[in-house]
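Below, each chain spelled out in residue letters.
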Amino acid sequence: MSDLITLTIDGRPVQAAPGTSILRAALDSGIYIPHLCDHPDLEPVGICRLCLVEIEGRRPTVSCKTPVEEGLVVRTSSADLDLIRKVNLELLIVNHDYNCQSCVKNSKCQLQKVTSYVGVDEKSLRRVRKPELDHPLDTSNPFFTRDMNKCVLCGICVRTCDEIQGDGCIDFAFRGTRTKISVLGDKPILESACVSCGECVARCPVGALVPVKFEEPAYEVETVCPYCGCGCGIIVGARGGRVVSSRAVPGNQVNRGSLCVKGRFGLGYVNHPGRLTALLIRKDGELVEAAWDEALALVAEKLNSYKGDQFAAIASAKCTSEDSYVIQKFARAVMGTNNIDHCARL
Ligand code: SF4
Ligand code: SF4
Ligand code: SF4
Ligand code: SF4
């Protein structure tokens, strides 16, 4: 017996698990309902008021916070809904700094998708436009830029920092048309408790939070982060033989779609000209390339000349627990020392 709930959305039968919001049930079935503040990784808050729907026998309601029920009959569009949605959107973006051609998010922007659906554009906004915002760009962080003139106050970054990263270093600040997302004391984000994980950047639906270095990858490859033993799943983007992007594998069992600053922004070393790409050993005072056999024989010979506390082993955070176990075993059982340490993180 199926425990799925069946409802009707825009005349189409839709099935969803109990507890699913009407918005997610519709989106998963290929029925678009405009939204800006909802994100599948986060608790719904219903603050953008764009995902309004009509449910037979009830007043218009936000679909992101309304769970599916057996037999519901839902409409995502009507003259009343469309009007309310349009006014809500106009108020939300009345100060938006429209400059799509020079925006990193151009063609991937949720606001473009919503405005196109609702029928609001820069021209139609002129009748309600107030003086434009002039928030200074926050370029303090070496990995991402914050442009609050493009922010739609969806709160996704705030909830991401709180619910996913557990950092809570950003929140809504000020009031009315001056409302913006800020850190404590409205300082540059680098002076806050932000750990530069970029989780908020990855989820911002518009061009308000963008990576400093961004190039559209020509192709992407799924792999494992090379930095630490956590082994997060990453999708690395490449172009012209260079690594140009990194993002988390959605739903990966290890990192559940999240990355730390190293996995997200730290892969530039791959293309660094100073990176070692061959084994080097010192001969007559000079570092020269060597084959694995030669290098390993040299290491074995050198290890034989140390015993006991003359020797120390320092394991790396890049190692798995199993690798770390083997290193301490080697130090204790073979080299005869307890001089063992570990750089707990990189
Ligand atoms: S955030 Fe979106 S709508 Fe705004 S300028 Fe950038 S691409 Fe255009
Ligand atoms: S910065 Fe982006 S994610 Fe944060 S509130 Fe503004 S639009 Fe939403
Ligand atoms: S980068 Fe990470 S820690 Fe910093 S504000 Fe965004 S989510 Fe919070
Ligand atoms: S360095 Fe960060 S992203 Fe990479 S595996 Fe470790 S925790 Fe995951």
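Structure shown above.
Residues numbered from 1 in each chain as written. Chains lettered and ligands numbered in written order. Predicted model: local features only at pLDDT ≥ 70, side-chain atom pairs only at ≥ 80, totals over all residues. Heavy atoms only, no water.

Focus: the sheet that holds strand β10 (residues 219–224)
Rule in force here: Think of it this way: DSSP has to see at least two bridges between two strands before they count as a pair. Runs of H or I in DSSP of at least four residues are treated as helices and runs of E of at least two as strands, each being numbered from the N terminus. The convention used is that axes are lines fitted to C-alpha atoms, helices contributing only their stretch in contact, and that angles between N-to-C directions extend from 0 to 180 degrees.
A sheet is described by the order of its strands in space; here 3 strands give the open sequence β10-β11-β12, paired in antiparallel fashion. Each end of this open sheet is capped by a strand with a single partner; those strands are β10 and β12 (242–248). For this sheet, the mean angle separating the axes of adjacent strands, direction not counted, is 30°. Note that β10 and strand β11 (residues 233–239) share 6 bridges and pair antiparallel.

Brief notes about the site of ligand 3
The cut-off we apply is this: Residue proximity to a molecule or strand is established when one non-hydrogen atom of the residue lies within 4 Å of it. The residue classification treats Ala, Val, Leu, Ile, Met, Phe, Trp, Tyr, Cys and Pro as nonpolar and Asp, Glu, Lys and Arg as charged. All others, Gly included, are polar.
Inspection of the region around ligand 3 gives Phe 144, Cys 161, Asp 167, Cys 169, Ile 170, Ile 189, Cys 194, Val 195, Ser 196, Cys 197, Gly 198 and Cys 200 as its neighbouring residues. Taken together, the residues of the shell around ligand 3 break down into 9 nonpolar, 2 polar and 1 charged.

Examining the nonpolar core
Quick reminder of the rule: Only buried Ala, Val, Leu, Ile, Met, Phe, Trp, Tyr and Cys residues count toward a nonpolar core, and they belong to the same one when joined by side-chain atoms within 4.5 Å. Exposure classes here rest on a 1.4 Å probe applied to the protein chains alone. A residue is buried below 20% of its type maximum, exposed above 50%, and partly exposed in between. Those domain boundaries reflect an automatic or database domain assignment.
In terms of nonpolar packing, the biggest core is built from 35 residues, with Leu 89, Ile 93, Leu 111 and Ile 170 touching the most fellow members. Taken together, the elements giving at least two residues each to this core come down to α2 (79–93), α3 (110–118), α5 (156–164), β8 (180–183) and α6 (199–203). Split by domain, this core shows at least three residues from each of two domains, domain 1 (5–89) and domain 2 (94–211). By size, the runner-up hydrophobic cluster in this structure holds 21 residues, among which are Leu 52, Val 53, Ile 55 and Cys 64.

Topic: the pairing of β12
Alignment of β11 against β12, held across 6 bridges, turns out to be antiparallel. Of the residues in β12, the one forming a bridge with Gly 237 is Ser 245. Here β11 hands over to β12 after 2 residues, with Gly 240 in that stretch at a positive phi of 60°.

A look at the sheet that holds strand β1 (residues 5–9)
By definition, the strands of a sheet pair up through backbone hydrogen bonds, in either a parallel or an antiparallel sense. Stated precisely, the cut-off is as follows: Contact between two residues is taken to exist if any of their heavy atoms lie within 4.5 Å; hydrogens are not considered.
Ordered by their spatial adjacency, 5 strands build an open sheet running β2-β1-β5-β3-β4, and the pairing between neighbours is mixed. Whereas interior strands pair on both sides, the edge strands pair on one side only; in this sheet they are β2 (12–16) and β4 (61–62). Pairing of β1 with strand β5 (residues 73–75), which is carried by 2 bridges, proceeds in the parallel orientation. Its bridge partner lying in β5, Ile 9 is registered against Val 74. Against the sheet, α2 touches β3 (52–55) and β5, its axis set at about 160° to β3.

Overview of a negative patch on the surface
To be explicit about the condition: Candidates for patches are residues over 30% relative accessible area with no salt bridge; among them, like charges are joined within 9 Å and nonpolar side chains (Val, Leu, Ile, Met, Phe, Trp, Tyr) within 5 Å. Per-residue and other accessible areas follow the Shrake-Rupley method at a 1.4 Å probe size, with only the shown protein chains counted as cover for residues. Salt bridge, as used here, is a side-chain nitrogen of Lys or Arg placed within 4 Å of a carboxyl oxygen of Asp or Glu. A positive count includes Lys and Arg, and a negative count includes Asp and Glu. His and the chain ends are not counted in either. To locate a charge, the coordinates of NZ of Lys, CZ of Arg, CG of Asp or CD of Glu are taken.
Residues Glu 43, Asp 162, Glu 163 and Asp 171 make up a contiguous surface patch of negative charge. On the basis of relative accessible area, Asp 171 is assigned to the partly exposed category, the value being 42%.

Quick look at α2
The condition that has to hold: For a helix, the expected span equals 1.5 Å multiplied by the number of residues minus one.
With 15 residues, α2 ought to run about 21 Å at 1.5 Å a step, and its terminal C-alpha atoms sit 21 Å apart, in line with that. Buried residues of α2: Leu 81, Arg 85, Asn 88, Leu 89, Glu 90 and Ile 93, and no others. Buried-residue contacts for α2 involve β3, β5, α3 and α4 (122–125).

A closer look at the site of ligand 4
Looking at ligand 4, the residues that line it are Cys 225, Tyr 227, Cys 228, Cys 230, Gly 231, Cys 232, Leu 259, Cys 260, Lys 262 and Gly 263. Class assignment for the residues of the shell around ligand 4 results in 7 nonpolar, 2 polar and 1 charged.

Regarding the packing of α2 against α3
The condition that has to hold: Angle categories: roughly parallel below 35 degrees, roughly antiparallel above 145, roughly perpendicular from 65 to 115, and oblique for all the rest. We call a crossing left-handed when the near helix sits turned anticlockwise from the far one by less than a right angle, and right-handed when that turn is clockwise.
Contact pair α2 / α3: the axes reach a minimum separation of 10 Å and the direction vectors enclose 140°. If you check the angle between α2 and α3, you find them oblique. The way α2 lies across α3 gives a crossing that is left-handed. Contact residues: Arg 85, Lys 86, Leu 89 and Ile 93 in α2; Leu 111, Val 114, Thr 115, Tyr 117 and Val 118 in α3. For the contact of α2 with α3, a count of residues per class yields 6 nonpolar, 1 polar and 2 charged.

Section: the side chain of His 39
Within the secondary structure layout, His 39 lies in the loop between α1 (22–28) and β3. Sequence-distant contacts of His 39, defined by excluding residues within four places in its chain, comprise Arg 24, Ile 156 and Arg 203.

A look at the packing of aromatic side chains
Stated precisely, the cut-off is as follows: The pairing test for Phe, Tyr and Trp rings, Trp by its six-membered ring, is centres within 6.5 Å, and the orientation test on the planes gives stacked under 30 degrees, edge-to-face over 60, and tilted for anything in between.
Going through the model one piece at a time under the given rule, you end up with 5 aromatic pairs. On the basis of an interplanar angle of 75° and a centroid distance of 6.4 Å, the ring pair of Phe 311 and Phe 330 is categorised as edge-to-face. Here the residue Phe 311 occupies a position in the loop between α8 (292–304) and β15 (313–315), and Phe 330 occupies one in helix α9 (residues 321–334), the gap between them amounting to 19 residues. Owing to a relative accessible area of 12%, Phe 311 belongs among the buried residues under this scheme. The class for Phe 330 is partly exposed, based on a relative accessible area of 32%.

A word on the environment of Asp 134
Summarising the element assignment, Asp 134 is placed in the loop between α4 and β6 (144–146). With a relative accessible area of 57%, Asp 134 lands in the exposed category.

Geometric values such as these leave the question of function open.
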